[in-house]
Structure formats: C-alpha cells, structure tokens
Amino acid sequence: MAVAIWLGAGAARPARADDAAPAAPIRFTSLAPDGARSEIDGELTVGHLESVDYTDASGLHFDAQYVSARGAGGYARVGAVHVTDRDFSDKSTLVGTEVGALQRMRASWGMVTGRIGVLFPTTSHARGVESVALARRPSDFLWLGNAVLLRFGATPTLTRGAWTARLDVGLEHLLEPSEDSVVSYHVDLALGLRHGRVGATAEYSVVGLTGQFVTRHRHVVTVGGQYQFTRTIVSLRIGTPFETGDLPDLGPPPPGAMYVLLREPGEVIAVALGVSVAL
C-alpha cells in the first residue's frame, strides 16, 4: 500500500507549512491528522451520549500537528471526558494520548499523507467514557484498552474546485502482540463543499476488529458546517453513533441486570463545537 501511495502521489512541490488552504479548503478536524497545515484543533462534544438516564458525559479533544515545507511532520492528540454518574458524583479523566509522525506528498489532484503513531491508554473502560469516544470518532475507542498500540494510517485527499473528498484508512496492532491478539481497523470517509468562507461537511466513520468471533462494528455519521476566518476555522457538527453486528452470548443476565443492546441510529445525538487555528 505504501508503494502504491508513493507512485500515485507524483512529485512533491515546495510549499510553506500552512499554505494548503487553496488545495484543501475544507478541514475535517474530527478525523486523523492529515498534514495539510500546521495547526491546533480543539473540540467539545456534548449531547445525550449515554443511553442510560442516570449517566451524563461530555468530552474535550485536542489535536496538534506540525508539517514542514517538505511535508514531514509530527502530531499529538489527547482526549478528556467529564462524567456524572447515578449518584451525581462528577469525574473528569484523560481518555488517551497519541503521538506520531507523518509525511505529506502533493499531487495535481490533491495530496496524500502517510502516518505512524503510538497510542497510550490513560484510563480503563467506564460508562460514559466509551460513549464520548464512539460519538466523536470510533477509532478513539482503542484508547480505552490497557495496552500500547501502533497505528498505521494513510490519508488521500482529493480536491476539485469547491469540493473536497477525504479517505482515512488505518490498522492498529499491539506493540507487543500475543498469539491471540487481534488487529483493529478503521475507515473514515468525508465530503466537503465550500462557498466563500462557508463550508458544509458530511462524514462517516467505522471501526472493527479482526478475528473469527469478532462481529461488532462501531459507526458514526455526522453532518456539519464551518466558517473560515483568515487563519481560524470554527465548526459545528451533529452526528449519531450506532453499532452493528452481534454481541457475545454470555447467557441470561442475573436478576435485576439489564440486557446489553447495540445502539441504533438516532438513539444518541452528539453535538461537537470545534475551533482550528493555523500556526
């Protein structure tokens, strides 16, 4: 895959770190770092993210990426969640961190970026925490494990006039794999249209695990709008996370316990307000 990306990208052209606005005017800040420009992103995710009435959750997410004139760069990501549980106790915690390197290559049709990163979990599974990750970008669900992961990704971006289309695909694997370890994969699709300083976006993301008995997939569909100032982009997105597949058969639940059900589209509505500032 890396060879195909290199062959299809064409020769790189000199560019400043943040001159990518004409080539990729729409910014999909909820997706993985793409090397389009050096920037810092922040996003607040709210809504009725947890289907259980006595749990409420909201999340903050920060991305930072730097890219040089030759397209080489690095990135860092961190997420935090605030949860109020059934006895009205508040808890704020980091969800996970990710750091990595990227290489962007220009082409006549847009650009393509290769990425390798390391995911460091900073919290364990907890009600509400998982809901925030699922509502914003399902592949961040991997932050909730207890092991360090390697992430490999590729991000081609196609620009035609006012339209921008972007694909992000990646694989995640344990840094110290075992015989029964599984590999995670994610696919993100995004389409954007810009008119003047105003833009509209539509995005779809899915994450799943490989393995004979793994049949559960997590999805999110979002639509949004954004307004671009000189170096700052303000965005608003509304989305619904859902799940497909089969849950493991653990037998009948004990008395008083609730059945675990897959989330349906429209069951949860998430609102994300974001700001992206070019460096």
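Our subject in this report is the structure included herewith. (Residues numbered from 1 in each chain as written. Predicted model: local features only at pLDDT ≥ 70, side-chain atom pairs only at ≥ 80, totals over all residues. Heavy atoms only, no water.)

### Notes on the pairing of strand S12 (residues 270-278)
Residues Ala270, Ala272, Gly274, Ser276 and Ala278 line the buried face of S12, whereas the alternating positions Val271, Leu273, Val275 and Val277 sit on a face that is not buried. As paired elements, strand S1 (residues 39-47) and S12 share nine bridges and run antiparallel to each other. By the bridge assignment for S12, Asp41 is matched with Ser276. Pairing of strand S11 (residues 232-244) with S12 involves eight bridges; the strand directions are antiparallel. Pairing of Ile238 across the sheet is with Val271, part of S12. (Buried < 20%, exposed > 50% of the residue type's maximum accessible area, 1.4 Å probe, protein only. Helix = DSSP H or I, 4+ residues; strand = E, 2+ residues; numbered from the N terminus. Pairing = 2+ DSSP bridges.)

### Points about the sheet that holds strand S8 (residues 184-195)
As summarised here, the arrangement of the 12 strands in space is S1-S2-S3-S4-S5-S6-S7-S8-S9-S10-S11-S12, forming a closed barrel in which the pairing is antiparallel. Shown here is a sheet whose adjacent strand axes are inclined to one another by a mean of 20°, direction ignored. Docked against the sheet, helix H2 (residues 129-136) engages S1, strand S2 (56-67), strand S3 (72-84), strand S4 (90-107), strand S10 (217-228), S11 and S12, running at close to 60° with respect to S10. (Axes fitted to C-alpha atoms, helices over the stretch in contact; angles between N-to-C directions. Contact = heavy atoms within 4.5 Å.)

### A few points about the nonpolar core
With 16 residues, the main nonpolar core has Leu49, Val81, Val95 and Val129 as its most contacted residues. For this core, the secondary structure elements donating two or more residues are S3 and H2. The biggest single contributor to this core is H2, with three residues. (Core = buried A, V, L, I, M, F, W, Y, C linked by side-chain atoms within 4.5 Å.)

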